[in-house]
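One-letter residues, chain by chain:
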Amino acid sequence: MTSKLYILSGTDKGKSFDLEHDSIYYVGRSPENDIQIKDENISNYHLKVHYRENKYFIADLNSKNGTFIAEKDISPVVEVEVKEGMPIVIGMSVIGLGEGCETWLKSFLDSVGIGNETYENGRFSKSYGVRIIKKKLGFIYDINNILIESKDKNEVSEKMLERISNLFEGIDRCLIILIDIEAEEIFNILCQSQKTLDHPTTEYNRELVEQALVLNKSVGASGTCDKDYDITKSSQLKKNIRSAACVPICSPVYQNTGAIYIDSLARPYGFRKNELDLLKDISGIVGLAIDHLSLFNEFNSEGSDGPEFGEFFKLYGR
């Protein structure tokens, strides 16, 4: 019985390798490996893969950038089991084990900005890095677990807000602004603030949010987003906001379900491009999660307690 290892993003995206049952394979940048991946961020001898008893086991070979699965880097040398279709980050590449990778995981990673943008014109985009890919996948794992734990839209949104705030360094406030699709108006604003603010859910840069929603594009203060926006012309400058960015939350079902807004009272030069790219991709994941909530009713009606680990990937990778 054979299986496959798929390269889902990076320099060798699209390649696949057969895995024979009860066999061990070494993966790395060196051509001496059983599976060579020409990614400069992968160590010469990075990973060991063992396919046995229809299960997959991997061990990191003390690589420089580590091997990332399930929200964290695995311990070097220690062999761990990996479920079929679970994304594995090595260097700037994402790989997967098992047939499920080809059917749903690949399209899911493309849909959330992993796989399409990390490799451009023969070189990696400077806005991406190993940490960015790990942050994205870590956030996806977090969202998957949040959706398992709760079915309440506000509770899920609050937990997502906390995770988003933790992703970005140097921000003072993060808002998730939810829109009533039928009424076309804001019905809830959730806020996570690092500083004590008198009116955290009202004294934000509303003009920036309106621009993002009207244009259905990311907007910011430093000209690094899809649409330039000069914060110095905003009436919100008196609120001591030095930098701000906003991205719409777009789901596969609805055009706009809300927006994610971040700002800083100390950073005068806006946010770096890699931060804005990350925020844009995170908003897509949030949109998927909001849609996903409606599926809980189907699971409950069938007598299930909710989707198992990885169901979030499967449902939106089809």
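Let me sum up the structure you'll find in this document.

The rules behind these values
- Residues numbered from 1 in each chain as written.
- Predicted model: local features only at pLDDT ≥ 70, side-chain atom pairs only at ≥ 80, totals over all residues.
- Heavy atoms only, no water.
- Phe/Tyr/Trp six-rings, centres within 6.5 Å; stacked < 30°, edge-to-face > 60°.
- Lys NZ or Arg CZ within 6 Å of the ring centre and 35° of its normal.
- Pairing = 2+ DSSP bridges.
- Helix = DSSP H or I, 4+ residues; strand = E, 2+ residues; numbered from the N terminus.
- Contact = heavy atoms within 4.5 Å.
- Axes fitted to C-alpha atoms, helices over the stretch in contact; angles between N-to-C directions.
- Parallel < 35°, antiparallel > 145°, perpendicular 65-115°, else oblique.
- Left-handed = near helix turned anticlockwise from the far one by under 90°.
- Nonpolar A, V, L, I, M, F, W, Y, C, P; charged D, E, K, R; others polar.
- Polar contact = N/O pair within 3.5 Å; in protein donor to acceptor, adjacent residues only side chain to side chain.
- Salt bridge = Lys/Arg side-chain N within 4 Å of Asp/Glu carboxyl O.
- Buried < 20%, exposed > 50% of the residue type's maximum accessible area, 1.4 Å probe, protein only.
- Expected span 1.5 Å × (residues − 1).
- Arc of directions from axis to C-beta.

1. Points about the packing of aromatic side chains
For any pair of aromatic rings, the description rests on two quantities: the centre-to-centre distance and the angle between the ring planes.
At step 1: Summed over the entire model, instances satisfying the criterion amount to two aromatic pairs.
At step 2: Both rings, one in Tyr51 and one in Tyr56, keep their centres 5.0 Å apart while their planes meet at 15 degrees; by these two values the pair is stacked.
At step 3: Sitting over the ring of Tyr204, Arg206 keeps its end group 6.0 Å from the ring centre.

2. Some remarks on the sheet that holds strand β16 (residues 219–220)
Across a sheet, strands are paired by hydrogen bonds formed along the backbone, either parallel or antiparallel in direction.
At step 1: In space, the five strands of this open sheet follow the order β15-β14-β18-β17-β16, with antiparallel pairing throughout. Where the open sheet ends on each side, the last strands, each with one partner, are β15 (185–193) and β16.
At step 2: Here eight bridges tie strand β14 (residues 173–180) to β15, and the two strands are oriented antiparallel to one another. Note that in β15 the partner of Leu178 across the bridge is Asn188.
At step 3: In the packing of helix α5 (residues 273–293) onto the sheet, contacts are made with β14, β17 (243–249) and β18 (258–264), and the angle to β17 comes to roughly 35 degrees.

3. Some words on the packing of helix α2 (residues 130–149) against helix α3 (residues 153–167)
Describing two packed helices takes the angle between their axes plus the distance from one axis to the other.
At step 1: Here α2 crosses α3 at 160 degrees, and the two axes come no closer than 10 Å. Taken as axis vectors, α2 and α3 run roughly antiparallel relative to one another. Crossing of α2 over α3 shows right-handed handedness. Touching Lys135, Phe139, Asp142, Ile143, Ile146, Leu147 and Glu149 of α2 are Val156, Lys159, Met160, Arg163, Ile164 and Leu167, all from α3.
At step 2: Residues that form the contact of α2 with α3 fall into these classes: eight nonpolar, no polar and five charged.

4. Describing the side chain of His50
At step 1: In this structure, His50 sits in strand β5 (residues 47–52).
At step 2: A polar contact of 2.8 Å, which involves the side chain of His50, links it to the side chain of Arg52.
At step 3: Setting aside residues up to four positions removed in sequence, His50 forms contacts with Asp22, Ser23, Ile24, Lys55, Tyr56, Phe57 and Glu79.

5. Side note on the pattern of salt bridges
At step 1: Overall, the coordinates contain 10 salt bridges when judged by the stated rule.
At step 2: The salt bridge involving Arg173 is made with Asp263; its shortest N-O contact spans 2.6 Å. Of this pair, Arg173 sits in strand β14 while Asp263 sits in strand β18; the two residues are 90 residues apart in sequence, bridging distant segments of the chain. Pair check on accessibility: Arg173 and Asp263 agree, each one buried.
At step 3: Across the pair Arg267 and Glu275 runs a salt bridge, and its minimum N-O distance is 2.9 Å.
At step 4: Residue classification places Arg267 among the buried positions, given a relative accessible area of 18%.

6. A closer look at the side chain of Ser264
At step 1: With respect to the element layout, Ser264 can be found in strand β18.
At step 2: Only 3.1 Å separates the side chain of Ser264 from the backbone nitrogen of Ala266, close enough to count as a polar contact.
At step 3: The residues touching Ser264, leaving out its near neighbours within four places in the chain, are Gly170, Asp172, Asn240, Ile241, Arg242, Ser243 and Phe271.

7. As for α3
At step 1: Between its first and last C-alpha, α3 extends 21 Å over 15 residues, near the 21 Å set by a 1.5 Å rise per residue.
At step 2: What α3 keeps buried is the set Val156, Ser157, Met160, Leu161, Ile164, Ser165 and Leu167.
At step 3: Taken together, the buried residues of α3 touch α2, β14, β15, β18 and α5.

8. Some thoughts on helix α4 (residues 206–215)
At step 1: Every buried residue of α4 is accounted for by Leu208, Val209, Ala212 and Leu213. Down the axis of α4, the buried side of the element spans an arc of 130 degrees, and every buried residue falls inside it. Exposed positions of α4 whose direction lies more than 90 degrees from the buried face are Glu210 and Val214.
At step 2: Where α4 is buried, its residues contact β14, β16, β17 and β18.
At step 3: One or two residues past the end of α4 sits Asn216, with phi positive at roughly 55 degrees.

9. Description of the pairing of strand β2 (residues 16–20)
At step 1: As paired elements, strand β1 (residues 2–9) and β2 share five bridges and run antiparallel to each other. Within β2, the residue paired with Tyr6 across the bridge is Ser16.

10. Section: the packing of α3 against α5
At step 1: Axis separation between α3 and α5 bottoms out at 11 Å; the angle between their running directions is 165 degrees. By the criterion of interaxial angle, the relationship of α3 to α5 is roughly antiparallel. Crossing of α3 over α5 shows right-handed handedness. Residues Lys153, Val156, Met160, Ile164 and Leu167 of α3 pack against Ile282, Val286, Ala289, Ile290 and Leu293 of α5.
At step 2: Broken down by class, the residue content of the contact of α3 with α5 amounts to nine nonpolar, no polar and one charged.

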